[in-house]
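Chain by chain, the residues:
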Amino acid sequence: MDELDIQPFTPFTRSDQYSPAGLEVESPIFQDLPLLPSPLGTFVYTQFKRLPLSDRLSALPLLYAVVDFDNSDEAWRRYDSVTARELFKQFGVSERLYRESFEPMLLVGLFAPGEQCSAAAALGMLYYFILAHQPDFDVVWCRGTVGEWIFRPWVQAIERMGGAVLANRRVSDVRLSATGDRLSAVVCGDEVFAADAVIFSVGITGMKKIVAGSSALRSRPEFGNVSNLGAIDVLATRLWFDRKIKIPKPSNACFGFQPTTGWTFFDLNALHDEYKNEPDTVVEADFYHANQFLPLSDAEILPLVQQDLAQCIPDFAQAQIIDYSVIRLPQAVSHFAPGSYRYLPPTQTSLSNVFLSGDWVVNRHGSWSQEKAYVTGLEAANLAIAQLQQGTFAKIVPVEADQPHIAAARQVNRALRQLGSKVLPSFWLP
Ligand SMILES: Cc1cc2nc3c(=O)[nH]c(=O)nc-3n(C[C@H](O)[C@H](O)[C@H](O)COP(=O)(O)OP(=O)(O)OC[C@H]3O[C@@H](n4cnc5c(N)ncnc54)[C@H](O)[C@@H]3O)c2cc1C
(Lines give C-alpha, C1' and ligand atoms only; values in the text may rest on other atoms or scores of the structure.)
Protein backbone atom coordinates (compact mmCIF):
# COMPACT_ATOMS: atom_id res chain seq x y z
CA MET A 1 0.00 0.00 0.00
CA ASP A 2 2.88 2.36 0.82
CA GLU A 3 4.49 1.68 -2.56
CA LEU A 4 1.19 2.51 -4.27
CA ASP A 5 0.86 5.58 -2.04
CA ILE A 6 -2.68 4.67 -0.99
CA GLN A 7 -4.28 4.49 2.47
CA PRO A 8 -7.15 2.04 2.00
CA PHE A 9 -7.48 0.85 5.61
CA THR A 10 -9.62 1.80 8.61
CA PRO A 11 -7.96 2.30 12.01
CA PHE A 12 -7.63 -0.86 14.12
CA THR A 13 -11.09 -2.08 15.15
CA ARG A 14 -12.44 -4.19 18.01
CA SER A 15 -14.62 -7.27 17.46
CA ASP A 16 -17.39 -9.20 19.24
CA GLN A 17 -18.36 -12.85 19.19
CA TYR A 18 -21.97 -14.01 19.42
CA SER A 19 -23.79 -17.31 19.94
CA PRO A 20 -27.57 -17.86 19.94
CA ALA A 21 -27.35 -17.00 23.67
CA GLY A 22 -26.13 -13.48 22.82
CA LEU A 23 -22.79 -11.72 23.27
CA GLU A 24 -20.07 -14.23 24.24
CA VAL A 25 -16.73 -12.46 23.81
CA GLU A 26 -15.46 -8.90 23.43
CA SER A 27 -11.95 -8.42 22.07
CA PRO A 28 -9.91 -5.36 22.92
CA ILE A 29 -7.28 -3.81 20.68
CA PHE A 30 -4.51 -5.97 22.05
CA GLN A 31 -1.60 -3.72 21.06
CA ASP A 32 -3.02 -0.90 23.25
CA LEU A 33 -2.70 -3.03 26.40
CA PRO A 34 0.54 -3.76 28.33
CA LEU A 35 2.42 -6.44 26.41
CA LEU A 36 2.57 -9.84 28.10
CA PRO A 37 4.59 -12.85 26.92
CA SER A 38 2.45 -14.55 24.29
CA PRO A 39 -0.01 -16.20 24.42
CA LEU A 40 -0.78 -14.79 27.90
CA GLY A 41 -2.17 -11.47 26.60
CA THR A 42 -4.66 -13.30 24.38
CA PHE A 43 -5.99 -15.27 27.35
CA VAL A 44 -5.93 -12.46 29.93
CA TYR A 45 -7.31 -9.53 27.91
CA THR A 46 -10.04 -11.30 25.88
CA GLN A 47 -13.31 -10.55 27.70
CA PHE A 48 -15.28 -13.82 27.89
CA LYS A 49 -18.86 -13.11 29.06
CA ARG A 50 -19.79 -16.64 30.07
CA LEU A 51 -16.89 -19.07 29.64
CA PRO A 52 -15.62 -20.08 33.12
CA LEU A 53 -11.93 -19.67 34.01
CA SER A 54 -11.56 -23.45 34.55
CA ASP A 55 -12.48 -24.04 30.89
CA ARG A 56 -10.04 -21.37 29.71
CA LEU A 57 -7.25 -22.90 31.81
CA SER A 58 -7.80 -26.27 30.12
CA ALA A 59 -6.06 -24.78 27.05
CA LEU A 60 -2.70 -24.67 28.86
CA PRO A 61 -1.45 -28.19 27.92
CA LEU A 62 -2.09 -27.32 24.27
CA LEU A 63 0.88 -24.94 24.50
CA TYR A 64 3.13 -27.96 24.01
CA ALA A 65 1.60 -28.62 20.56
CA VAL A 66 1.94 -24.91 19.72
CA VAL A 67 5.67 -25.12 20.52
CA ASP A 68 6.10 -28.49 18.80
CA PHE A 69 4.41 -27.34 15.57
CA ASP A 70 7.05 -25.06 14.05
CA ASN A 71 5.70 -25.01 10.45
CA SER A 72 8.53 -27.30 9.27
CA ASP A 73 7.86 -30.13 6.82
CA GLU A 74 8.37 -32.68 9.65
CA ALA A 75 5.90 -30.88 11.90
CA TRP A 76 3.28 -30.79 9.13
CA ARG A 77 3.76 -34.54 8.59
CA ARG A 78 3.43 -35.21 12.35
CA TYR A 79 0.19 -33.28 12.81
CA ASP A 80 -1.53 -33.30 9.41
CA SER A 81 -3.17 -36.74 9.63
CA VAL A 82 -4.84 -35.88 12.95
CA THR A 83 -8.07 -33.89 13.00
CA ALA A 84 -8.06 -30.60 14.92
CA ARG A 85 -10.84 -31.95 17.15
CA GLU A 86 -8.74 -35.00 18.04
CA LEU A 87 -5.75 -32.77 18.82
CA PHE A 88 -7.75 -30.61 21.24
CA LYS A 89 -9.17 -33.77 22.83
CA GLN A 90 -5.70 -35.33 23.24
CA PHE A 91 -4.44 -32.20 24.97
CA GLY A 92 -7.34 -32.11 27.44
CA VAL A 93 -9.19 -29.03 26.17
CA SER A 94 -12.63 -28.87 27.85
CA GLU A 95 -15.71 -29.53 25.73
CA ARG A 96 -17.02 -26.02 26.40
CA LEU A 97 -13.75 -24.29 25.48
CA TYR A 98 -13.62 -26.33 22.27
CA ARG A 99 -17.27 -25.60 21.35
CA GLU A 100 -17.26 -21.93 22.33
CA SER A 101 -13.78 -20.82 21.42
CA PHE A 102 -11.57 -23.11 19.35
CA GLU A 103 -14.18 -24.50 16.97
CA PRO A 104 -15.56 -21.00 16.16
CA MET A 105 -11.99 -19.92 15.35
CA LEU A 106 -11.61 -22.92 13.02
CA LEU A 107 -14.94 -22.23 11.31
CA VAL A 108 -13.91 -18.65 10.59
CA GLY A 109 -10.14 -19.21 10.05
CA LEU A 110 -10.12 -22.51 8.15
CA PHE A 111 -13.81 -22.47 7.08
CA ALA A 112 -14.57 -25.96 8.44
CA PRO A 113 -15.51 -27.67 11.73
CA GLY A 114 -12.73 -29.27 13.80
CA GLU A 115 -13.35 -32.85 12.67
CA GLN A 116 -12.79 -31.74 9.06
CA CYS A 117 -9.60 -29.70 9.65
CA SER A 118 -6.02 -30.90 9.75
CA ALA A 119 -4.46 -30.38 13.20
CA ALA A 120 -1.36 -29.00 11.47
CA ALA A 121 -3.41 -26.37 9.65
CA ALA A 122 -5.28 -25.52 12.86
CA LEU A 123 -2.04 -24.96 14.80
CA GLY A 124 -0.46 -22.96 11.97
CA MET A 125 -3.50 -20.76 11.48
CA LEU A 126 -4.10 -20.15 15.22
CA TYR A 127 -0.42 -19.33 15.80
CA TYR A 128 -0.26 -16.87 12.90
CA PHE A 129 -3.57 -15.04 13.44
CA ILE A 130 -3.88 -15.15 17.22
CA LEU A 131 -1.19 -16.67 19.40
CA ALA A 132 2.33 -15.74 18.25
CA HIS A 133 2.34 -12.10 19.39
CA GLN A 134 -0.20 -10.19 21.46
CA PRO A 135 -1.19 -7.73 18.65
CA ASP A 136 -1.67 -10.49 16.03
CA PHE A 137 -5.46 -10.59 16.48
CA ASP A 138 -5.80 -6.82 15.86
CA VAL A 139 -7.30 -6.02 12.46
CA VAL A 140 -7.83 -3.16 10.07
CA TRP A 141 -10.34 -3.40 7.21
CA CYS A 142 -10.50 -2.05 3.69
CA ARG A 143 -12.58 1.18 3.57
CA GLY A 144 -14.49 -0.09 0.53
CA THR A 145 -14.28 -3.01 -1.88
CA VAL A 146 -10.76 -4.39 -2.24
CA GLY A 147 -11.16 -4.34 -6.03
CA GLU A 148 -11.73 -0.59 -6.09
CA TRP A 149 -9.44 0.52 -3.28
CA ILE A 150 -6.45 -1.78 -3.80
CA PHE A 151 -6.55 -3.70 -7.09
CA ARG A 152 -7.54 -0.74 -9.30
CA PRO A 153 -4.59 1.50 -8.29
CA TRP A 154 -2.34 -1.58 -8.36
CA VAL A 155 -3.36 -2.46 -11.94
CA GLN A 156 -2.92 1.20 -12.95
CA ALA A 157 0.62 1.14 -11.50
CA ILE A 158 1.39 -2.07 -13.45
CA GLU A 159 0.06 -0.46 -16.64
CA ARG A 160 2.15 2.69 -16.10
CA MET A 161 5.19 0.40 -15.98
CA GLY A 162 4.26 -1.17 -19.33
CA GLY A 163 2.43 -4.26 -18.09
CA ALA A 164 -1.03 -5.31 -19.26
CA VAL A 165 -3.69 -6.95 -17.10
CA LEU A 166 -6.25 -8.76 -19.26
CA ALA A 167 -9.50 -9.32 -17.39
CA ASN A 168 -12.20 -11.83 -18.32
CA ARG A 169 -9.84 -14.39 -19.87
CA ARG A 170 -10.15 -17.91 -18.44
CA VAL A 171 -7.10 -20.12 -18.86
CA SER A 172 -8.37 -23.27 -20.56
CA ASP A 173 -5.12 -25.05 -21.51
CA VAL A 174 -1.36 -24.68 -21.87
CA ARG A 175 1.16 -25.60 -24.58
CA LEU A 176 4.30 -27.62 -23.87
CA SER A 177 7.62 -26.55 -25.41
CA ALA A 178 9.26 -28.84 -27.97
CA THR A 179 11.62 -30.11 -25.21
CA GLY A 180 8.65 -31.11 -23.07
CA ASP A 181 10.05 -29.71 -19.80
CA ARG A 182 8.64 -26.17 -20.05
CA LEU A 183 5.46 -24.40 -21.11
CA SER A 184 5.62 -22.24 -24.20
CA ALA A 185 2.12 -20.74 -24.15
CA VAL A 186 -1.10 -20.26 -22.19
CA VAL A 187 -4.42 -20.84 -23.95
CA CYS A 188 -7.57 -18.85 -23.09
CA GLY A 189 -10.30 -20.27 -25.33
CA ASP A 190 -9.47 -19.04 -28.84
CA GLU A 191 -6.52 -16.90 -27.74
CA VAL A 192 -2.98 -18.17 -27.29
CA PHE A 193 -0.40 -16.18 -25.29
CA ALA A 194 3.27 -17.07 -25.77
CA ALA A 195 4.98 -17.31 -22.36
CA ASP A 196 8.55 -17.25 -21.03
CA ALA A 197 7.24 -18.19 -17.59
CA VAL A 198 3.82 -19.06 -16.17
CA ILE A 199 2.59 -18.42 -12.62
CA PHE A 200 -0.76 -20.01 -11.76
CA SER A 201 -2.53 -17.95 -9.08
CA VAL A 202 -5.85 -19.76 -9.09
CA GLY A 203 -7.54 -21.53 -6.20
CA ILE A 204 -7.86 -25.31 -5.84
CA THR A 205 -11.16 -25.53 -7.75
CA GLY A 206 -9.89 -23.36 -10.62
CA MET A 207 -6.68 -25.41 -10.83
CA LYS A 208 -8.64 -28.69 -10.93
CA LYS A 209 -10.62 -27.42 -13.93
CA ILE A 210 -7.51 -26.27 -15.80
CA VAL A 211 -5.72 -29.58 -15.12
CA ALA A 212 -8.73 -31.65 -16.21
CA GLY A 213 -8.72 -29.87 -19.59
CA SER A 214 -4.98 -30.04 -20.16
CA SER A 215 -3.18 -33.16 -21.36
CA ALA A 216 0.17 -31.42 -20.66
CA LEU A 217 -0.64 -30.94 -16.98
CA ARG A 218 -2.87 -33.84 -15.91
CA SER A 219 -0.21 -36.51 -16.43
CA ARG A 220 2.18 -34.77 -13.98
CA PRO A 221 1.70 -35.97 -10.39
CA GLU A 222 1.74 -32.56 -8.66
CA PHE A 223 -1.01 -31.29 -10.99
CA GLY A 224 -2.98 -34.56 -11.11
CA ASN A 225 -2.95 -34.73 -7.32
CA VAL A 226 -4.76 -31.41 -7.04
CA SER A 227 -7.82 -33.65 -7.58
CA ASN A 228 -7.13 -35.07 -4.12
CA LEU A 229 -7.68 -31.63 -2.59
CA GLY A 230 -11.00 -30.03 -1.79
CA ALA A 231 -12.60 -26.65 -1.33
CA ILE A 232 -15.42 -25.28 0.79
CA ASP A 233 -18.72 -23.54 -0.01
CA VAL A 234 -19.21 -19.94 1.12
CA LEU A 235 -22.29 -17.71 1.05
CA ALA A 236 -21.75 -13.94 1.00
CA THR A 237 -24.72 -11.64 1.61
CA ARG A 238 -25.08 -7.88 1.82
CA LEU A 239 -28.30 -6.50 3.29
CA TRP A 240 -29.68 -2.96 3.37
CA PHE A 241 -32.12 -2.35 6.26
CA ASP A 242 -34.64 0.53 6.34
CA ARG A 243 -33.35 2.08 9.58
CA LYS A 244 -30.25 2.75 11.61
CA ILE A 245 -29.46 -0.16 13.90
CA LYS A 246 -26.77 0.24 16.52
CA ILE A 247 -24.15 -2.47 16.00
CA PRO A 248 -21.69 -2.31 18.91
CA LYS A 249 -18.56 -3.44 17.00
CA PRO A 250 -17.79 -3.19 13.27
CA SER A 251 -16.69 -6.85 12.92
CA ASN A 252 -18.36 -9.83 14.54
CA ALA A 253 -17.93 -13.61 14.47
CA CYS A 254 -20.77 -16.01 15.31
CA PHE A 255 -20.96 -19.66 16.29
CA GLY A 256 -23.46 -22.24 17.48
CA PHE A 257 -26.24 -21.28 15.04
CA GLN A 258 -25.66 -24.30 12.76
CA PRO A 259 -23.39 -27.18 13.82
CA THR A 260 -20.95 -27.00 10.90
CA THR A 261 -21.31 -23.40 9.71
CA GLY A 262 -19.55 -20.34 11.08
CA TRP A 263 -20.41 -16.80 10.06
CA THR A 264 -19.26 -13.24 10.39
CA PHE A 265 -21.07 -9.95 10.02
CA PHE A 266 -19.68 -6.49 9.41
CA ASP A 267 -21.17 -3.06 9.99
CA LEU A 268 -20.39 -1.48 6.63
CA ASN A 269 -21.65 1.94 7.80
CA ALA A 270 -18.72 1.91 10.21
CA LEU A 271 -16.13 0.39 7.83
CA HIS A 272 -16.87 1.61 4.30
CA ASP A 273 -16.53 5.33 3.46
CA GLU A 274 -19.43 5.21 0.96
CA TYR A 275 -21.95 4.13 3.64
CA LYS A 276 -20.71 6.39 6.48
CA ASN A 277 -23.51 8.95 6.15
CA GLU A 278 -26.29 6.60 4.98
CA PRO A 279 -29.51 6.84 7.00
CA ASP A 280 -30.00 3.04 6.63
CA THR A 281 -27.95 0.09 7.90
CA VAL A 282 -25.73 -1.86 5.51
CA VAL A 283 -24.49 -5.22 6.78
CA GLU A 284 -22.29 -7.86 5.17
CA ALA A 285 -22.94 -11.38 6.51
CA ASP A 286 -20.75 -14.23 5.24
CA PHE A 287 -21.33 -17.91 6.01
CA TYR A 288 -18.48 -20.42 5.83
CA HIS A 289 -18.97 -24.13 5.17
CA ALA A 290 -22.38 -22.99 3.97
CA ASN A 291 -23.18 -26.18 2.01
CA GLN A 292 -26.81 -26.37 3.16
CA PHE A 293 -27.53 -22.73 2.19
CA LEU A 294 -26.28 -22.80 -1.38
CA PRO A 295 -29.28 -24.59 -2.96
CA LEU A 296 -31.75 -22.16 -1.29
CA SER A 297 -33.35 -19.29 -3.21
CA ASP A 298 -32.66 -15.67 -2.22
CA ALA A 299 -36.19 -15.49 -0.77
CA GLU A 300 -35.39 -18.47 1.46
CA ILE A 301 -31.94 -17.20 2.48
CA LEU A 302 -32.87 -13.63 3.48
CA PRO A 303 -35.17 -14.47 6.45
CA LEU A 304 -32.58 -16.96 7.74
CA VAL A 305 -29.87 -14.29 7.72
CA GLN A 306 -32.17 -11.72 9.33
CA GLN A 307 -33.20 -14.22 12.02
CA ASP A 308 -29.55 -14.98 12.86
CA LEU A 309 -28.68 -11.26 12.97
CA ALA A 310 -31.67 -10.67 15.27
CA GLN A 311 -30.43 -13.32 17.70
CA CYS A 312 -27.21 -11.31 18.03
CA ILE A 313 -28.75 -7.82 17.97
CA PRO A 314 -32.54 -7.88 18.61
CA ASP A 315 -33.24 -4.60 16.72
CA PHE A 316 -32.70 -6.47 13.44
CA ALA A 317 -35.99 -8.34 14.04
CA GLN A 318 -38.19 -5.25 13.44
CA ALA A 319 -36.22 -3.79 10.52
CA GLN A 320 -37.20 -4.34 6.87
CA ILE A 321 -34.74 -5.47 4.21
CA ILE A 322 -34.96 -2.87 1.42
CA ASP A 323 -32.17 -4.16 -0.82
CA TYR A 324 -29.76 -7.09 -0.87
CA SER A 325 -27.13 -9.06 -2.73
CA VAL A 326 -26.65 -12.80 -2.26
CA ILE A 327 -23.54 -14.41 -3.74
CA ARG A 328 -23.17 -18.18 -3.70
CA LEU A 329 -19.54 -19.32 -3.84
CA PRO A 330 -19.46 -23.10 -4.32
CA GLN A 331 -16.07 -24.76 -3.62
CA ALA A 332 -14.52 -21.34 -3.21
CA VAL A 333 -12.01 -21.52 -0.34
CA SER A 334 -9.17 -23.98 0.31
CA HIS A 335 -10.02 -26.96 2.51
CA PHE A 336 -7.11 -28.01 4.74
CA ALA A 337 -8.53 -31.48 5.33
CA PRO A 338 -6.69 -34.02 7.51
CA GLY A 339 -4.13 -35.81 5.33
CA SER A 340 -4.18 -33.18 2.58
CA TYR A 341 -0.64 -31.86 3.18
CA ARG A 342 0.97 -34.61 1.08
CA TYR A 343 -0.91 -33.29 -1.98
CA LEU A 344 -0.35 -29.56 -1.41
CA PRO A 345 2.21 -28.46 -4.03
CA PRO A 346 5.23 -26.17 -3.56
CA THR A 347 5.78 -23.02 -5.63
CA GLN A 348 8.19 -24.67 -8.10
CA THR A 349 6.61 -27.32 -10.32
CA SER A 350 8.26 -30.10 -12.37
CA LEU A 351 7.96 -27.83 -15.43
CA SER A 352 10.97 -25.57 -15.08
CA ASN A 353 9.26 -22.27 -16.01
CA VAL A 354 5.94 -22.94 -14.26
CA PHE A 355 5.20 -21.77 -10.71
CA LEU A 356 2.23 -21.83 -8.36
CA SER A 357 0.94 -19.32 -5.85
CA GLY A 358 -2.08 -19.20 -3.58
CA ASP A 359 -3.07 -19.77 0.04
CA TRP A 360 -2.92 -23.56 -0.55
CA VAL A 361 0.67 -23.65 -1.88
CA VAL A 362 3.31 -24.90 0.58
CA ASN A 363 5.96 -22.45 1.78
CA ARG A 364 7.75 -21.82 5.09
CA HIS A 365 6.85 -18.16 5.56
CA GLY A 366 4.25 -18.87 8.26
CA SER A 367 1.47 -16.57 7.00
CA TRP A 368 -2.08 -17.67 6.12
CA SER A 369 -4.97 -16.79 3.80
CA GLN A 370 -4.67 -13.53 1.88
CA GLU A 371 -1.19 -12.80 3.13
CA LYS A 372 0.03 -16.27 2.17
CA ALA A 373 -1.52 -15.90 -1.31
CA TYR A 374 0.41 -12.63 -1.68
CA VAL A 375 3.68 -14.00 -0.30
CA THR A 376 3.62 -17.15 -2.45
CA GLY A 377 2.94 -14.85 -5.42
CA LEU A 378 6.10 -12.89 -4.64
CA GLU A 379 8.04 -16.13 -4.13
CA ALA A 380 6.84 -17.42 -7.50
CA ALA A 381 7.74 -14.11 -9.17
CA ASN A 382 11.23 -14.26 -7.63
CA LEU A 383 11.73 -17.80 -8.98
CA ALA A 384 10.68 -16.62 -12.46
CA ILE A 385 13.02 -13.60 -12.20
CA ALA A 386 15.90 -15.86 -11.13
CA GLN A 387 15.27 -18.25 -13.99
CA LEU A 388 14.88 -15.63 -16.71
CA GLN A 389 17.67 -13.49 -15.22
CA GLN A 390 15.59 -10.41 -15.78
CA GLY A 391 13.78 -8.14 -13.34
CA THR A 392 14.17 -6.99 -9.75
CA PHE A 393 13.58 -9.42 -6.91
CA ALA A 394 10.60 -8.61 -4.71
CA LYS A 395 11.41 -8.03 -1.05
CA ILE A 396 9.53 -10.51 1.11
CA VAL A 397 9.01 -9.32 4.68
CA PRO A 398 9.34 -12.28 7.04
CA VAL A 399 6.69 -12.94 9.67
CA GLU A 400 7.72 -11.36 12.99
CA ALA A 401 10.08 -13.75 14.78
CA ASP A 402 8.89 -16.00 17.62
CA GLN A 403 9.03 -14.37 21.03
CA PRO A 404 12.25 -15.35 22.88
CA HIS A 405 10.54 -17.78 25.30
CA ILE A 406 8.79 -19.59 22.41
CA ALA A 407 12.03 -19.67 20.36
CA ALA A 408 13.90 -21.15 23.35
CA ALA A 409 11.17 -23.74 24.02
CA ARG A 410 11.24 -24.75 20.33
CA GLN A 411 15.01 -25.14 20.41
CA VAL A 412 14.89 -27.39 23.48
CA ASN A 413 12.03 -29.38 21.97
CA ARG A 414 13.91 -29.89 18.68
CA ALA A 415 17.04 -31.04 20.56
CA LEU A 416 14.98 -33.53 22.59
CA ARG A 417 13.30 -34.82 19.44
CA GLN A 418 16.66 -35.30 17.72
CA LEU A 419 18.01 -37.12 20.77
CA GLY A 420 14.89 -39.30 20.89
CA SER A 421 15.19 -40.19 17.21
CA LYS A 422 18.80 -41.36 17.81
CA VAL A 423 18.04 -43.68 20.74
CA LEU A 424 14.50 -44.86 19.90
CA PRO A 425 13.69 -47.03 16.87
CA SER A 426 11.53 -45.37 14.19
CA PHE A 427 8.65 -47.73 14.87
CA TRP A 428 5.59 -45.69 15.92
CA LEU A 429 3.34 -43.49 13.89
CA PRO A 430 4.70 -39.92 13.78
C1 LIG B 1 -16.22 -14.49 2.33
C2 LIG B 1 -14.72 -14.65 2.52
C3 LIG B 1 -14.08 -13.92 3.52
C4 LIG B 1 -12.70 -14.03 3.71
N5 LIG B 1 -12.10 -13.28 4.69
C6 LIG B 1 -10.76 -13.27 4.80
C7 LIG B 1 -10.11 -12.40 5.71
O8 LIG B 1 -10.75 -11.64 6.43
N9 LIG B 1 -8.75 -12.44 5.77
C10 LIG B 1 -8.00 -13.27 4.98
O11 LIG B 1 -6.77 -13.24 5.05
N12 LIG B 1 -8.60 -14.12 4.12
C13 LIG B 1 -9.96 -14.14 4.00
N14 LIG B 1 -10.56 -14.99 3.10
C15 LIG B 1 -9.72 -15.95 2.37
C16 LIG B 1 -9.05 -15.26 1.20
O17 LIG B 1 -10.05 -14.73 0.37
C18 LIG B 1 -8.20 -16.29 0.44
O19 LIG B 1 -7.20 -16.81 1.32
C20 LIG B 1 -7.49 -15.63 -0.74
O21 LIG B 1 -8.43 -14.99 -1.60
C22 LIG B 1 -6.72 -16.66 -1.55
O23 LIG B 1 -6.12 -15.99 -2.62
P24 LIG B 1 -5.70 -16.77 -3.94
O25 LIG B 1 -5.05 -15.74 -4.80
O26 LIG B 1 -4.95 -17.98 -3.54
O27 LIG B 1 -7.07 -17.29 -4.60
P28 LIG B 1 -8.36 -16.49 -5.04
O29 LIG B 1 -8.54 -15.22 -4.29
O30 LIG B 1 -9.45 -17.52 -5.01
O31 LIG B 1 -8.05 -16.04 -6.53
C32 LIG B 1 -8.02 -16.94 -7.61
C33 LIG B 1 -8.44 -16.22 -8.85
O34 LIG B 1 -8.25 -17.08 -9.97
C35 LIG B 1 -9.30 -16.86 -10.87
N36 LIG B 1 -9.41 -18.04 -11.75
C37 LIG B 1 -9.91 -19.28 -11.47
N38 LIG B 1 -9.83 -20.08 -12.56
C39 LIG B 1 -9.25 -19.34 -13.54
C40 LIG B 1 -8.89 -19.62 -14.91
N41 LIG B 1 -9.11 -20.81 -15.47
N42 LIG B 1 -8.32 -18.62 -15.62
C43 LIG B 1 -8.08 -17.40 -15.06
N44 LIG B 1 -8.39 -17.09 -13.79
C45 LIG B 1 -8.97 -18.05 -13.04
C46 LIG B 1 -10.51 -16.66 -10.00
O47 LIG B 1 -11.53 -16.00 -10.70
C48 LIG B 1 -9.91 -15.81 -8.87
O49 LIG B 1 -9.99 -14.45 -9.15
C50 LIG B 1 -11.94 -14.90 2.90
C51 LIG B 1 -12.59 -15.66 1.91
C52 LIG B 1 -13.96 -15.51 1.71
C53 LIG B 1 -14.63 -16.31 0.58
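To be clear, the structure that these remarks concern was listed above.
All of these numbers come straight from a predicted model, not from anything done at the bench.

1. Observations concerning unusual backbone geometry
Keep in mind that most residues, glycine aside, have a negative phi and that most peptide bonds are trans. For the bond from Ser 38 to Pro 39, the omega torsion is 5°, close enough to zero to count as cis. Locating Pro 39 in the fold gives a position in the loop between strand E2 (22–27) and helix H1 (40–45). The phi angle at Asn 71 is positive, at roughly 70°, despite the residue not being glycine. If you trace the backbone, Asn 71 turns up in the loop between helix H3 (62–68) and helix H4 (73–79). Phi is positive for Asn 168, close to 55°, though the residue is something other than glycine. The residue Asn 168 is located in the loop between helix H8 (146–160) and strand E4 (173–176) in this model. A count of 5 C-beta atoms within 10 Å places Asn 168 in the exposed class.

2. A closer look at helix H14 (residues 369–388)
Between its first and last C-alpha, H14 extends 29 Å over 20 residues, near the 28 Å set by a 1.5 Å rise per residue. Listed in full, the buried residues belonging to H14 are Lys 372, Val 375, Thr 376, Glu 379, Ala 380 and Ala 381. Packing partners of the buried residues in H14 comprise strand E7 (198–200) and strand E13 (354–356). Immediately downstream of H14, the backbone of Gln 389 shows phi near 50°, a positive value.

3. So, the sheet that holds strand E12 (residues 321–335)
With mixed pairing, eight strands are arranged side by side in an open sheet as E3-E2-E1-E9-E10-E11-E8-E12. Since the sheet does not close on itself, it has two edges, and those belong to strand E3 (47–48) and E12, each with one partner. Where strand E8 (residues 230–241) meets E12, eleven bridges bridge the pair, whose relative direction is antiparallel. Residue pairing in the sheet places Trp 240 in a bridge with Asp 323 of E12. Across the sheet, helix H13 (residues 298–312) lies against strand E1 (15–19), E8, strand E9 (251–258), strand E10 (261–267), strand E11 (281–288) and E12, angled at about 95° from E12, the strand it touches most.

4. Some remarks on the site of the ligand
For the ligand, the set of nearby residues contains 18 residues, the closest of which are Gly 206, Gly 358, Ser 369, Gln 370 and Ala 373. Broken down by secondary-structure element, the contributors of at least two residues to the shell around the ligand are helix H9 (204–212), E8, E12 and H14. A per-class count over the shell around the ligand returns nine nonpolar, six polar and three charged. When residues of the shell around the ligand are assigned to domains, at least three fall in each of domain 2 (166–229 + 337–388) and domain 3 (234–334).

5. A short note on the pairing of E11
Along any regular strand, the residues point their side chains to alternate faces of the sheet. In this sheet, E11 lies alongside E8 in antiparallel orientation, the contact comprising eight bridges. Across the sheet, Trp 240 pairs through a bridge with Val 282, a residue of E11. Pairing analysis gives six bridges linking E10 to E11, with the strands arranged antiparallel. Across the sheet, the residue bridging to Asp 267 is Val 283, located in E11.

6. Description of the sheet that holds strand E6 (residues 191–194)
Strand pairs in the sheet, formed through backbone hydrogen bonds, run parallel or antiparallel to each other. Taken in spatial order, the three strands line up as E4-E5-E6 in an open sheet, and their pairing is antiparallel. Taken across any chain shown, the strands that pair with only one partner, and hence form the sheet edges, are E4 and E6. Here the average twist between neighbouring strands, direction ignored, is 25°. Sheet analysis places strand E5 (residues 183–188) next to E6, joined by four bridges and oriented antiparallel. Note on E6: the bridge partner recorded for Val 187 is Val 192.

7. Examining the nonpolar core
Among the nonpolar cores identified, the biggest contains 89 residues, and Leu 106, Leu 110, Ala 122, Leu 123 and Val 234 are the most heavily contacted of them. Top contributing element to this core by residue count: helix H7 (residues 119–131), with ten residues. Apart from the residues lying within four places of it in its own chain, the contact partners of Val 234 are Phe 111, Asp 286, Phe 287, Tyr 288, Ala 290, Leu 329, Ala 332 and Val 333.

The rules behind the values
- Residues numbered from 1 in each chain as written.
- Predicted model: local features only at pLDDT ≥ 70, side-chain atom pairs only at ≥ 80, totals over all residues.
- Helix = DSSP H or I, 4+ residues; strand = E, 2+ residues; numbered from the N terminus.
- Buried ≥ 20, exposed ≤ 12 C-beta atoms within 10 Å, placed from the backbone.
- Expected span 1.5 Å × (residues − 1).
- Contact = placed C-beta atoms within 7 Å.
- Pairing = 2+ DSSP bridges.
- Axes fitted to C-alpha atoms, helices over the stretch in contact; angles between N-to-C directions.
- Near = placed C-beta within 6 Å.
- Nonpolar A, V, L, I, M, F, W, Y, C, P; charged D, E, K, R; others polar.
- Domains from an automatic or database assignment.
- Core = buried A, V, L, I, M, F, W, Y, C linked by C-beta atoms within 7 Å.

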